[in-house]
Amino acid sequence: MSQREAAKKPGITQPRLNERLQGKLQTFSLVARVKMISKVGIPVDVHVIVA
């Protein structure tokens, strides 16, 4: 599967997928990460603890 094909499922572009594959997580907001994970069928549960 090409990066372009792989990027379609989470709804991102090939350059953005390439950033992710290179470990550049700081370029993705938490909301963007949750959306991408959800789109590929992985359940996401976020817990916030107030310090």
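Right above here is the structure, for reference.
Residues numbered from 1 in each chain as written. Predicted model: local features only at pLDDT ≥ 70, side-chain atom pairs only at ≥ 80, totals over all residues. Heavy atoms only, no water.

## What about the overall build of the protein?
Phase 1 of the analysis: The secondary structure content of the protein amounts to 3 helices and 0 strands.
Phase 2 of the analysis: Starting at the N terminus, the α and β elements of the protein follow one another as α-α-α.
Phase 3 of the analysis: Every one of the 51 residues in the protein was classed for burial, and the buried ones make up 12%.
Phase 4 of the analysis: When the accessible area of the protein is evaluated, it comes to approximately 4,300 Å², of which 59% is carbon and sulfur surface. (Helix = DSSP H or I, 4+ residues; strand = E, 2+ residues; numbered from the N terminus. Buried < 20%, exposed > 50% of the residue type's maximum accessible area, 1.4 Å probe, protein only. Areas by Shrake-Rupley, 256 points an atom, 1.4 Å probe, with all protein chains shown as cover.)

## Quick word on the environment of Q14
Phase 1 of the analysis: For Q14, the position within the fold is in helix α2 (residues 14-21).
Phase 2 of the analysis: The spacing of Q14 and R4 is 10 residues in sequence and 4.9 Å in space, taken between C-alpha atoms.
Phase 3 of the analysis: Sequence-distant contacts of Q14, defined by excluding residues within four places in its chain, comprise Q3, R4 and A7. (Contact = heavy atoms within 4.5 Å.)

## Observations regarding the environment of I12
Phase 1 of the analysis: Tracing the chain through its elements places I12 in the loop between α1 (3-8) and α2.
Phase 2 of the analysis: Taking relative accessible area as the criterion, I12 reaches 19% and is therefore assigned buried.
Phase 3 of the analysis: A sequence separation of 20 residues divides I12 from A32, and the C-alpha atoms of the two residues are 9.7 Å apart.
Phase 4 of the analysis: With residues up to four places along the chain from it excluded, the contact list for I12 reads A7, L17 and M36.

## Some details on the pattern of salt bridges
Phase 1 of the analysis: Following the criterion strictly, the structure yields 1 salt bridge and no others.
Phase 2 of the analysis: We note a salt bridge from E19 to R16, for which the minimum N-O separation is 3.0 Å. You can see E19 and its partner R16 sitting in helix α2, 3 residues apart, about one turn around the helix.
Phase 3 of the analysis: The class of E19 is partly exposed, set by a relative accessible area of 24%. (Salt bridge = Lys/Arg side-chain N within 4 Å of Asp/Glu carboxyl O.)

## Brief notes about the environment of R16
Phase 1 of the analysis: Here R16 falls in the partly exposed class, since its relative accessible area comes to 28%.
Phase 2 of the analysis: When residues no more than four places from it in sequence are discounted, the contact partners of R16 are T27 and F28.

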